[in-house]
Amino acid sequence: MIDSLAIHIAGLRKLYGSGHLALAGVDLDVHAGEFFGLLGPNGAGKSSLINILAGTVRRSSGVAEIFGFDVEQDFRRSRRLLGVVPQELAYDPFFTVREFLRMQSGYFGLRHNDDWLDELMAELDLTDKADTNLRALSGGMKRRVLIAQALVHKPPVVVLDEPTAGVDVELRQGLWRFMRRYNEEGHTVILTTHYLEEAEELCQRIAILQQGRLVALDNKDELLRSTGWRVLTVTFDHDPGTLPPELADLLTGAAENTRVLRIDAQSNPLGDVLIRLQALPAQIVDLHLQEPRLEDAFTDILGQGR
Ligand SMILES: Nc1ncnc2c1ncn2[C@@H]1O[C@H](COP(=O)(O)OP(=O)(O)OP(=O)(O)O)[C@@H](O)[C@H]1O
């Protein structure tokens, strides 16, 4: 049965043999066609959750389904619907890129898959390397192979686990262009990353895990609205000197004639801050107010969850 929920997780718990509770009852649905961000600090439980979906870690209890198929009871069917781009890959370095991708296709019972493999290699700029041994590839090229191997069976759901850690800007941009297109074709993409600006740019909805619990799940715009913080950068015609305490409390940076203030719309109305700035002995020559970033929302939410 095809469900419009790509991922359905309810009451999901993972207690490792060490006694560590990595997932403490998580409820999470990802709709088909979403570009979804799964964020959280180190050790929050993201990889545990992904590995449960991929069938490489067994859940302790709860529901985990991919398009309605249970990840354990219906392992074959659920696994076929999922592609996981892991952080690292264990492979035999003596295979060429094409041989490796054909072998991966074989795991999914796909024997005549070369048209799609050629397309994938072209999209990921791997065509020149099709006959190169994996061991002779640079780190960036190996990353591309990791992505290609997750997509050999054109899965409707793709999970990218920290795909851009240590990757150069060009590859990163190429990867995002490709994943955007894959998503626009109707596939669901789930991204975990520590680069919050990437999640901010790409994801429509975002979940934040902290110590195995879901502490936020919302549209990106709602998450951004929920943080009242703004960063105000003020440039004066000369050094304004020491700021009075009510401004000094907001100060996060200072350089020559510039001061950076972090202001909270609730407790520091912008008008009051401006009146105080105008009372300083230096003239304001420039003002820049930056909208809240996902990083601010993330920091606020994690602070509340502690
Ligand atoms: N096999 C295991 N045995 C025992 N504890 C584990 C195991 N795997 C993970 N853990 C613990 O479970 C917690 C969650 O780990 P997990 O890797 O899921 O977090 P994460 O959010 O993916 O972190 P990161 O961002 O660092 O990859 C951590 O405290 C980790 O030490």
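All figures in this text were calculated on a predicted structure; none of them were measured in a lab.

Novice: I would appreciate a short explanation of helix α3 (residues 97-107) in the present structure.
Specialist: Count 3.6 residues to each turn of an α-helix, and residues three or four apart come out pointing the same way. Looking at α3, one finds that the buried residues are Val97, Phe100, Leu101 and Gln104. Angularly, the buried residues of α3 cover 95 degrees about the axis, an arc narrow enough to put them on a single face. The elements touched by buried residues of α3 are α4 (114-123) and α5 (139-151). Backbone geometry just after α3 places Gly109 at a positive phi near 75 degrees.

Novice: What's the story with the site of the ligand in this structure? I'm lost.
Specialist: Near the ligand you find Tyr16, Ser18, His20, Ala22, Gly40, Asn42, Gly43, Ala44, Gly45, Lys46, Ser47 and Ser48, and these make up its full shell. The element best represented in the shell around the ligand is helix α1 (residues 46-54), accounting for three residues. By residue class, the composition of the shell around the ligand is three nonpolar, eight polar and one charged.

Novice: When you look at unusual backbone geometry in this model, what are you seeing that I'm missing?
Specialist: The bulk of non-glycine residues show a negative phi, and the bulk of peptide bonds are trans. In this structure, Lys154 takes a positive phi of about 45 degrees despite not being glycine. Looking at the secondary structure, you find Lys154 in the loop between α5 and β7 (157-161). You can call Lys154 partly exposed: it has 16 C-beta atoms within 10 Å. If you check the backbone angles, Glu256 has positive phi at about 45 degrees while not being a glycine.

Novice: How should the sheet that holds strand β14 (residues 284-290) be read in this particular structure?
Specialist: Where strands meet in a sheet, backbone hydrogen bonds hold them as pairs that are either parallel or antiparallel. Taken together, the four strands give an open sheet; going across it, the order is β12-β13-β11-β14, and neighbouring strands pair in antiparallel fashion. Two strands close off the open sheet at either side, each with one partner strand: β12 (251-255) and β14. This sheet shows a mean twist of 15 degrees between the axes of neighbouring strands, independent of strand direction. Pairing analysis gives seven bridges linking strand β11 (residues 229-236) to strand β13 (residues 258-264), with the strands arranged antiparallel. Within β13, the position partnered with Leu232 by the bridge is Leu261. Against the sheet, helix α10 (residues 270-278) touches β11, β13 and β14, its axis set at about 155 degrees to β13.

The rules we used
- Residues numbered from 1 in each chain as written.
- Predicted model: local features only at pLDDT ≥ 70, side-chain atom pairs only at ≥ 80, totals over all residues.
- Buried ≥ 20, exposed ≤ 12 C-beta atoms within 10 Å, placed from the backbone.
- Helix = DSSP H or I, 4+ residues; strand = E, 2+ residues; numbered from the N terminus.
- Arc of directions from axis to C-beta.
- Contact = placed C-beta atoms within 7 Å.
- Near = placed C-beta within 6 Å.
- Nonpolar A, V, L, I, M, F, W, Y, C, P; charged D, E, K, R; others polar.
- Pairing = 2+ DSSP bridges.
- Axes fitted to C-alpha atoms, helices over the stretch in contact; angles between N-to-C directions.

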